Amino acid sequence: MKDVAFGQYYPVDSFVHKLDPRLKLLFLAAYITSVFLARNFWGIGLCALVMIAVILSSRVPIHKVLRAVRGVVILIAVTSVIYIFFYDGEGEPLWSWGVFAVYREGIYFALFLVLRLFLLVTCSSMLTYTTTPVALTDGIESIFRVHVVALVMSIALRMIPELTGEVERIKNAQKARGADFESGGLIRRVRALVPILIPLLISSFRIAGDLAEAMDARCYMAGKKRIKYKKLAFGPRDLVGFLVGAALVTGVVLLNVYMGSVF
Amino acid sequence: MRIVAEHLNYTYNAGSPFAVQALKDVTLTIEEGEFFGILGHTGSGKSTFVQHLNGLIRLPRSLRRHPKREDPMPVLTVGEYDLTSKKTDYTALRQKVGMVFQYPEYQLFAETVAADVAFGLKNFADRKHRPTEGEISSAVHAALEAVGLDASVAEKSPFELSGGQKRRAAIAGVIVTRPEVLILDEPAAGLDPRGKREIMELLHRLHGDFCKTVIIVSHDMDEIAENCTMSAVFAEGRVTHVLPPRELFRRGEELEKMGLDIPLVAKLCLELRKRGIEVDCDFTAADFVRRILARKGEKA
């Protein structure tokens, strides 16, 4: 009962949400490869089309997707400006002023780069929007076969809402005792954090201890071979996902061969 | 301070798929001087409600400015503070309304118990008339004494204390500013029966000497029935009953259906009635023990 969203996961029921997490991870790898392989606008256009299809079938609202891109907007803007003004193309520049010269190739390059970065960020955030952290670690564990790493990851993910809640509780308790976290200079504000950080540290140790005890009580042994309660299984839905991914990579390679390159 | 709430609504994570409406049209008045019990199951909205009373949760701004036509205007006043206004002085309010959260011992942080208890005192201190060391020290000692802690613990680290002592120290850290209203969320959570009894006795003492109004939030009906002068029942974000606690016993069946643990005596009466034995049951477990002992000719 608190104002914290759990990671980035967006809980709706959709085709993409129901896909096997392993398939989604593979699809992500295939998608990123395609985006890097694409050497012309046809290829990158195909990638964009697939992304649009994924977004539409995931039922994640478009403003959520755009919010994920917001973080890299400045990076995209700066690099595309550099490309546009400093790329040395062949033939006459479209426009020039001192060291600045705008070539047609520069504009293409910048546009290409923007699309690439945009798609890379969108596809990885689509993975986290449509896959619960638990499903994701399950997938990673199943692919890489290292249980301990997956366990550490899932505990860490599990603890994020736990600790955010704890911070919220401690913060409220100190606010009720008149603590002020919002005013004053830097030093004052940092000092104001002490009454939160110390109880938080102690609580983290307590929670970790409780968890260790609970795992111990259930006979958890790190080195032992384990079986799964819920086994991941590929279904017909995943076949569709696989085919789309395979078609994407093949399509991009074919477009590279037949349509030439912008480089 | 009289507390008046009308038509309060609150939604967590509003506008997202995680939205949960925690309060639905809550209307409740708590008179000054009461030992008030708020009863409800986990997630019934009782904690959300009490966090409104010292402004830890504030009414959404949009609602304060333009309430929907069809919804009645929310009202929330705590004494002279109108929490629906934009200009509420929350620091002053928090000094008047002390809040002890569930497991308050987890908020202790300072190097010594005395420093921890003084934390609120220093925060609320008037910027122009800072209290002297002597004033702080005497207020801290008065608070420690009020919660039944020996003066020798003042210079110890709070982490050296036992569980029960830590909880008392944490309560001292709230009452040290002499709030008029003291709110406690599940004050007896995680204590053994003896610890529970001691905490309740402590609250009764504080109710007399330190704070005019005490509000306890609990899911344990016995606790409320034995201690409170008035009680309200929350269920699924609504206030379903406002009753003197003894009345609760007569409504055993209703409350049991709402998923509340009903008092032992009420449970006993329900069972007896099911078997065709009509008994009057507006008494608490303690009364019950007293009556049995009286019948046996002994003194409780």
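Everything quoted here is computed from the prediction, not taken from an experiment. (Residues numbered from 1 in each chain as written. Chains lettered and ligands numbered in written order. Predicted model: local features only at pLDDT ≥ 70, side-chain atom pairs only at ≥ 80, totals over all residues. Heavy atoms only, no water.)

K.L.:
I tried to follow the overall build of chain B on my own but got confused; where do I start?
P.N.:
For chain B, the helix and strand inventory stands at 12 helices and 10 strands. Relative to the compact-globule value of 19 Å for 300 residues, chain B shows a C-alpha radius of gyration of 21 Å, a close match. Projecting the C-alpha coordinates of chain B onto the three principal axes gives extents of approximately 70 × 60 × 35 Å. The proportion of buried residues among the 300 residues of chain B is 49%. Looking at chain B alone, contacts between residues at least 24 apart form 65% of all its contacts between residues at least 6 apart. In the structure as shown, chain B presents an accessible area of about 14700 Å², 48% of it carried by carbon and sulfur atoms. (Helix = DSSP H or I, 4+ residues; strand = E, 2+ residues; numbered from the N terminus. Rg over C-alpha atoms; globule rule 2.2 N^0.38 Å. Buried < 20%, exposed > 50% of the residue type's maximum accessible area, 1.4 Å probe, protein only. Contact = heavy atoms within 4.5 Å. Areas by Shrake-Rupley, 256 points an atom, 1.4 Å probe, with all protein chains shown as cover.)

K.L.:
So what exactly am I meant to see when it comes to helix H7 (residues 133–144) of chain A here?
P.N.:
Along an α-helix, a turn takes 3.6 residues, which lines up residues three or four apart on a common side. Residue and element names in this part refer to chain A. The first and last C-alpha atoms of H7 sit 16 Å apart over 12 residues, in line with the 16 Å expected at 1.5 Å per residue. Along H7, the residues classified as buried are Leu136, Thr137, Gly139, Glu141 and Ser142. On its buried side, H7 packs onto helix H2 (21–37), helix H6 (104–130) and helix H8 (147–176). Among the residues trailing H7, Arg145 stands out with phi positive, at a value near 60°. (Expected span 1.5 Å × (residues − 1).)

K.L.:
Help me out: how do you make sense of the sheet that holds strand S1 (residues 3–12) of chain B in this one?
P.N.:
Each strand in a sheet pairs with another by means of backbone hydrogen bonds, the pair being arranged parallel or else antiparallel. Residues and elements named next belong to chain B. Ordered by their spatial adjacency, 4 strands build an open sheet running S2-S1-S4-S5, and the pairing between neighbours is antiparallel. Taken across any chain shown, the strands that pair with only one partner, and hence form the sheet edges, are strand S2 (20–30) and strand S5 (81–82). The sheet contact formed by S1 and S2 spans 7 bridges and is antiparallel. Along S2, the bridge assignment pairs Ala5 with Leu28. Sitting on the sheet, helix H1 (residues 46–53) touches S1, S2 and strand S4 (75–78), and the angle it makes with S1 is about 120°. (Pairing = 2+ DSSP bridges. Axes fitted to C-alpha atoms, helices over the stretch in contact; angles between N-to-C directions.)

K.L.:
Any chance you could explain the confidence of the model for chain B here in plain terms?
P.N.:
Low pLDDT marks stretches whose predicted atomic positions should not be read closely. Residues and elements named next belong to chain B. Considering every residue of chain B, the mean pLDDT works out to 86; 94% of them sit at 70 or more. Confidence, expressed as mean pLDDT per element, reaches its minimum in chain B at helix H2 (residues 61–65) with 56 and its maximum at strand S7 (residues 181–185) with 95. Here the predicted complex carries an ipTM of 0.85, next to a pTM of 0.74. (pLDDT = per-residue confidence, 0-100.)

K.L.:
Would you explain the side chain of Ser125 of chain A in this entry?
P.N.:
All names here are of chain A. Looking at the element boundaries, Ser125 is found in helix H6. For Ser125, a relative accessible area of 6% puts it in the buried group. Other than its neighbours up to four places away in sequence, Ser125 contacts Gln8 and Ala68.

K.L.:
Can you walk me through the packing of helix H3 (residues 41–58) of chain A against H6 of chain A in this structure?
P.N.:
Residue and element names in this part refer to chain A. One way to put it is that H3 packs onto H6 with a least axis distance of 10 Å and a crossing angle of 30°. Considering the angle they form, H3 stands roughly parallel to H6. Read as a crossing pair, H3 and H6 show a hand that is left-handed. For the pair H3 and H6, contact is made by Phe41, Ile44, Cys47, Ala48, Met51, Val54, Ile55 and Ser58 and by Tyr108, Leu111, Phe112, Leu115, Arg116, Leu119, Thr122, Cys123, Met126 and Thr130, respectively. Here the contact of H3 with H6 is composed, by residue class, of 14 nonpolar, 3 polar and 1 charged. (Parallel < 35°, antiparallel > 145°, perpendicular 65-115°, else oblique. Left-handed = near helix turned anticlockwise from the far one by under 90°. Nonpolar A, V, L, I, M, F, W, Y, C, P; charged D, E, K, R; others polar.)

K.L.:
Teacher, can you tell me more about the packing of helix H4 (residues 62–70) of chain A against H6 of chain A here?
P.N.:
All names here are of chain A. Axis separation between H4 and H6 bottoms out at 9 Å; the angle between their running directions is 120°. The pairing of H4 with H6 is recorded here as oblique in orientation. When you trace H4 past H6, the crossing you get is right-handed. Here H4 contributes Lys64, Val65, Leu66, Ala68 and Val69 to the contact with H6, which in turn contributes Phe118, Val121, Thr122, Ser125, Met126 and Tyr129. Grouping the constituent residues of the contact of H4 with H6 by class yields 8 nonpolar, 2 polar and 1 charged.

K.L.:
What is the right way to read the sheet that holds strand S3 (residues 35–40) of chain B from this model?
P.N.:
All names here are of chain B. Taken in spatial order, the 6 strands line up as S6-S7-S8-S3-S9-S10 in an open sheet, and their pairing is mixed. Strand pairing shows two members of the sheet lacking a second neighbour, strand S6 (97–100) and strand S10 (238–243), which therefore form its edges. Along the sheet, successive strands turn relative to each other by an average axial angle of 20°, direction set aside. Judged from the 5 bridges that link them, S3 and strand S8 (residues 213–218) form a sheet pairing that is parallel. Its bridge partner being in S8, Phe36 is matched across the sheet by Ile215.

K.L.:
In this structure, what is going on with the state of the cysteines? I would like to understand it.
P.N.:
Simply put, the disulfide is a covalent bond whose two ends are the sulfur atoms of two cysteines. Counting across every chain of the model gives 0 disulfides over all chains. Free of any disulfide, Cys47 of chain A has its nearest neighbouring cysteine sulfur in Cys123 of chain A, separated by 9.3 Å. Just so you know, Cys211 of chain B is unpaired, no disulfide at all, and the nearest cysteine sulfur is the one on Cys228 of chain B, 14 Å from it. For Cys211 of chain B, a relative accessible area of 2% corresponds to the buried category. (Disulfide = S-S within 2.5 Å.)

K.L.:
Got a minute to help me understand the packing of aromatic side chains in this structure?
P.N.:
What characterises a pair of aromatic rings is the spacing of the ring centres plus the angle enclosed by the ring planes. Under the criterion given, the structure shown has 8 aromatic pairs over all chains. Look at Phe41 of chain A and Phe112 of chain A: their rings are 5.4 Å apart centre to centre, the planes differ by 80°, and that puts the pair in the edge-to-face class. Here Phe112 of chain A lies in helix H6 and Phe41 of chain A lies in helix H3, a separation of 71 residues in the sequence. Since its relative accessible area comes to 28%, Phe41 of chain A is described here as partly exposed. With a centroid separation of 5.7 Å and an interplanar angle of 20°, the aromatic rings of Tyr103 of chain B and Tyr106 of chain B are classed as stacked. Tyr103 of chain B sits in the partly exposed class, given a relative accessible area of 32%. An aromatic cluster is present here, built from Phe41, Tyr108 and Phe112 of chain A joined pairwise through their rings. Here the guanidinium or amino end of Arg206 of chain A rests over the ring plane of Tyr106 of chain B, the centre of that ring lying 3.5 Å away. (Phe/Tyr/Trp six-rings, centres within 6.5 Å; stacked < 30°, edge-to-face > 60°. Lys NZ or Arg CZ within 6 Å of the ring centre and 35° of its normal.)

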